[in-house]
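For reference, the chains in residue letters:
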Amino acid sequence: MSNLQINTTQNVNLNYKIVSIGERIIAFLIDAFILYLYAILVGLIGDAIGYVYEDRWTQRGLVGLIFLPAMGYSLLMHSLFNGRTVGKMLLKMRVVRVDGTPVHWSNYLVRWMLRLVDIWIFWGAVGLLTILFSDRRQRLGDAAAGTVVISTKNTVRVSHTILEEVTDSYEPQFTNVTLLTDQDVRLIKDTYHIAKKSNDFKTMKALRNKVEDILQTKSELYDKQYLDTILKDYNFYTQQL
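Criteria and cut-off values
Residues numbered from 1 in each chain as written. Predicted model: local features only at pLDDT ≥ 70, side-chain atom pairs only at ≥ 80, totals over all residues. Heavy atoms only, no water. Helix = DSSP H or I, 4+ residues; strand = E, 2+ residues; numbered from the N terminus. Buried < 20%, exposed > 50% of the residue type's maximum accessible area, 1.4 Å probe, protein only. Contact = heavy atoms within 4.5 Å. Pairing = 2+ DSSP bridges. Core = buried A, V, L, I, M, F, W, Y, C linked by side-chain atoms within 4.5 Å.

A.B. asks: Could you clarify how one ought to interpret the overall build of the protein in this entry?
C.D. replies: A count of helical and extended segments in the protein gives eleven helices and four strands. The 241 residues of the protein split such that 37% are buried. If you take every contact in the protein between residues at least 6 apart in sequence, the share linking residues at least 24 apart comes to 64%.

This is the structure we're talking about:
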C-alpha cells in the first residue's frame, strides 16, 4: 500500500492512500461508459438533425460541435470538480499535487494532453506500465504534471490534527491567539481532549489558567468553552494567512 504525505500551510502532515491501479481502471471504465452513453445520445441528435438539414456537411458539423465537450471530458471535469471525474467521485478519489499545493488548471491540461500517449495511441499500455513501475503509481501524465491520484476514503480526521472546523461566518473572540505557535496549539488540543475524555476537570482548569497567562486574557467562559474557543479562534485567524 502506497501513501502520500502532504504538509499543509499550517505545518500539519496529512497521510493519504494512493489508489491502486485496479481502482483507477474501474474509474476510467465508469467515465468511458458515460461517454459511450453520450455518444449514443449525440447519434440520436444527429439523426434528428438529418431530418431538418439535408446537407450532410451541415449535419456532420453540428454533430461534431455537440460531441466536442466529450473530447475534453477529463479536462473539464477535473478542472470544475477539484480533480475528480464522475468515476473518481463514485470511487472517492481525486487528483492532487505531490507537493500539497493547489492543483492549477495547467496541471490538468498536461495530464489531459498526455492521455494521448498514456491511453489512446498504445491502448493504455504506457499508462499501465508507468503506474505499475512508479512508486507513487503515476502515469506519464501525472509524472509530467506533478500530480498523483489519492483516495479520499477514511482520510485523516480533523480531530487528529491541530485543525478545528470553523465556518466563514465564525466570529472569533480572542484576537491575540496568534501569539501561540502550531506546537503550542497541538499540545493544548491533545491535553484538552485527554482531560475532557477522562473528565479530568483539574487538568482542564490548569490548562485554561496556563493559556490565560500566556495570552493575558480574562473570560467568563467555562473552562471547556474557553479552550474550545481558543482552538477555533486560532484556526480562524491562521486560515486567513
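A.B. asks: Help me understand helix α3 (residues 73-80), please; the structure alone is not making it clear to me.
C.D. replies: Three or four residues apart is the spacing at which side chains of an α-helix point the same way, because the helix has 3.6 residues per turn. Regarding α3, the residues found buried are Y73, S74, L75, M77 and H78. On its buried side, α3 packs onto α1 (21-52), α2 (56-71), α4 (86-90), β3 (93-97), α5 (105-113) and α6 (115-121). N82 lies just past α3 and shows a positive phi near 55°.

A.B. asks: Teacher, can you tell me more about the side chain of D142 here?
C.D. replies: Its place among the elements puts D142 in helix α8 (residues 140-145). Residue D142 is classed as buried on the basis of its relative accessible area, which comes to 0%. Setting aside anything within four residues of it in sequence, one finds D142 in contact with R24, R111, T147, V148 and V149.

A.B. asks: In this structure, what is going on with the environment of Q59? I would like to understand it.
C.D. replies: By the element assignment, Q59 lies in helix α2. Relative accessible area serves as the criterion here: at 10%, Q59 is assigned to the buried category. Residues Q59 and G46, 13 residues apart in the sequence, show an inter-C-alpha distance of 6.7 Å. Residues contacting Q59, with those up to four places away along its chain left out, are G46, D47, I49 and G50.

A.B. asks: Honestly, the pairing of β3 in this entry has me stumped. Any pointers?
C.D. replies: The side chains of a regular strand alternate, residue by residue, between the two faces of the sheet. With four of five residues buried, β3 is to be regarded as a mostly interior element. Here five bridges tie β3 to strand β4 (residues 147-151), and the two strands are oriented antiparallel to one another. Paired with R94 across the strands is I150, a residue of β4.

A.B. asks: Teacher, can you tell me more about the nonpolar core here?
C.D. replies: Looking at soluble globular proteins, one finds that nonpolar side chains tend to be buried together. Counting 16 residues, the largest nonpolar core has L180, I188, V211, L215, Y226, L227 and I230 as its most contacted members. Every element with two or more residues in this core is listed here: α9 (182-197), α10 (201-215) and α11 (223-239). The element contributing the most residues to this core is α11, with five residues. Ignoring anything within four residues of it in the chain, the contact list for L215 reads N176, V177, L179, L180, Y226 and I230. If you look at the next biggest cluster of nonpolar residues, it comprises eight residues, including V19, L75, L91 and V95.

A.B. asks: Please explain unusual backbone geometry as it appears in this structure.
C.D. replies: Negative phi is the rule for most residues except glycine; trans is the rule for most peptide bonds. Despite not being glycine, W123 shows a phi value in the positive range, around 55°. Summarising the element assignment, W123 is placed in the loop between α6 and α7 (125-132). Phi is positive for Q216, which is not a glycine, with a value near 55°.

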